[in-house]
Amino acid sequence: MKPKVLVTREVFDDVLEYLRGYFDVTSNQADAPFDPGELARRLADQDGAVTVLTDRIDAALLSRCPRLRAVCNIAVGYNNFDLKALSARGVMATNTPGVLDDATADFTWSLILATARRLTEAEAWLRAGEWRGWKLKQFLGVDVHHATLGIVGLGRIGQAVARRARGFDMNVLYHNRTPLAPEVERACNATYAGLDELLSRADIVTLHVPYGPASHHLIDGARLARMKPTAILINAARGGVVDDAALIAALKEGRVAAAGLDVFEGEPALNPEFLALENVVLAPHIASATTGTRRNMAMPAAKNLVAALSGERPPNLLNPEVIK
Ligand code: GLV
């Protein structure tokens, strides 16, 4: 008998075909998200799952899913997994690192440019029929070229963002918990700075850290207060890294000039006050959403699951202690 696996959300047909070669597959091509109770019920008799970042896999769910041996996220982030609980139950967990760095960096640049040059605000105004003629002072933005870019988290995605900054002749600062090797700094043309120093010097601050207890509200009211009133904040990392209520207050009071956001606390139910602000560019968590990249994420997740349930080490295993 083939192992049973659940694919929790819609995926590309060839990914399902591939999985069907190994498993008895239940899919959710209708793409209706399962709430936690429904997810636990559906996983109760499954050996493995291909999951997405909205599927919370924790101790409560695992206690109801005794057969589960592997959960394979279609995402580089895995804050939806309680890794400790997974390891305690001997369940392998995987993610999809590497394959979305460029798409996410490209989208970060979309946010940087759209926010600095007020693109969505200007477009909404034009669509509303407000354009009566050219004016010298219409929709004045700020220069991105030659500005100082502050990258918080110079991992794979942060580095891809830094490499793109070369074309804009920018001065790049970065902050990591530990400074990177000089050759990586050189390749990124980036200089290390403490977080508070970076926040006070950068014209554009962009966040590329994973979400977890250490990064919860990393950018809170006090940190926002360190930023220049002319500065822009970009978050294409995870909701919760920024204290959204504090950001809204800073944007309203002009203590931070503008923000470009792809992720939100409590998404998709983002703080409605964002919608009333003109100095924000908002996107629905789409930084990796190109056809090529989403394909390149979904197939590796499926391959991780095949490896895990075939007794091989999955290429992107997050909790190797499970197989030791
Ligand atoms: C997207 O947010 C991801 O973590 O892949």
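Anyway, here's the lowdown on the structure attached to this text. (Residues numbered from 1 in each chain as written. Predicted model: local features only at pLDDT ≥ 70, side-chain atom pairs only at ≥ 80, totals over all residues. Heavy atoms only, no water.)

### With respect to the nonpolar core
For clarity, the threshold we go by: Only buried residues count toward a nonpolar core. Its members are Ala, Val, Leu, Ile, Met, Phe, Trp, Tyr and Cys residues joined through side-chain atoms within 4.5 Å. Each residue is assigned to one of three classes by its accessible area relative to the maximum for its type, calculated with a 1.4 Å probe on protein chains only: buried under 20%, partly exposed between the two thresholds, exposed over 50%. For helices the rule is a DSSP run of H or I covering at least 4 residues; for strands it is a run of E covering at least 2, with both sets numbered from the N terminus onward. In what follows, a contact means two residues having at least one pair of non-hydrogen atoms within 4.5 Å.
Within the largest apolar cluster, 30 residues are counted, with the highest numbers of intra-cluster contacts made by Val205, Leu224, Leu233, Leu247 and Phe274. Those elements giving two or more residues to this core turn out to be α9 (195-201), β9 (204-207), α11 (244-252) and β11 (258-261). It is α11 that contributes the most residues to this core, five residues altogether. The contact partners of Leu224, leaving out residues within four places of it in the chain, are Ile219, Leu233, Ala246, Leu247, Ala250 and Val256. If you look at the next biggest cluster of nonpolar residues, it comprises 29 residues, including Ala114, Leu154, Met170 and Ala287.

### A few points about the packing of aromatic side chains
To be explicit about the condition: Put simply, two rings from Phe, Tyr or Trp (the six-membered ring, in Trp's case) pair if the centres are within 6.5 Å, and we call them stacked under 30 degrees between planes, edge-to-face over 60, tilted for the rest.
Scanning the entire structure with this criterion turns up six aromatic pairs. On the basis of an interplanar angle of 45° and a centroid distance of 6.1 Å, the ring pair of Tyr22 and Phe23 is categorised as tilted. For Tyr22, a relative accessible area of 39% gives the class partly exposed. Seen in terms of ring centroids, Trp109 and Phe168 are 4.7 Å apart; in terms of plane orientation they differ by 5°. Their pairing is stacked. With a gap of 59 residues between them, Trp109 in helix α5 (residues 101-116) and Phe168 in the loop between α7 (156-165) and β7 (171-175) connect regions that are remote in the sequence.

### Side note on the pattern of salt bridges
Spelled out, the test is: Salt bridge, as applied in this entry: a Lys or Arg side-chain nitrogen positioned within 4 Å of an Asp or Glu carboxyl oxygen.
With the rule as written, the count across this model stands at 19 salt bridges. The closest approach of N and O atoms between Asp106 and Arg164, which form a salt bridge, is 2.8 Å. Within this pair, whereas Asp106 is found in helix α5, its partner Arg164 is found in helix α7, the two being separated by 58 residues in sequence. Here Asp106 falls in the partly exposed class, since its relative accessible area comes to 42%. The partly exposed category is assigned to Arg164, whose relative accessible area is 23%. Its salt-bridge partner being Lys228, residue Asp203 comes within 2.8 Å of it at the nearest N-O pair. With Asp203 in the loop between α9 and β9 and Lys228 in the loop between α10 (221-226) and β10 (232-235), the pair connects residues that are 25 residues apart, well separated along the chain.

So far we have only geometry, and geometry alone does not tell us how the molecule works.
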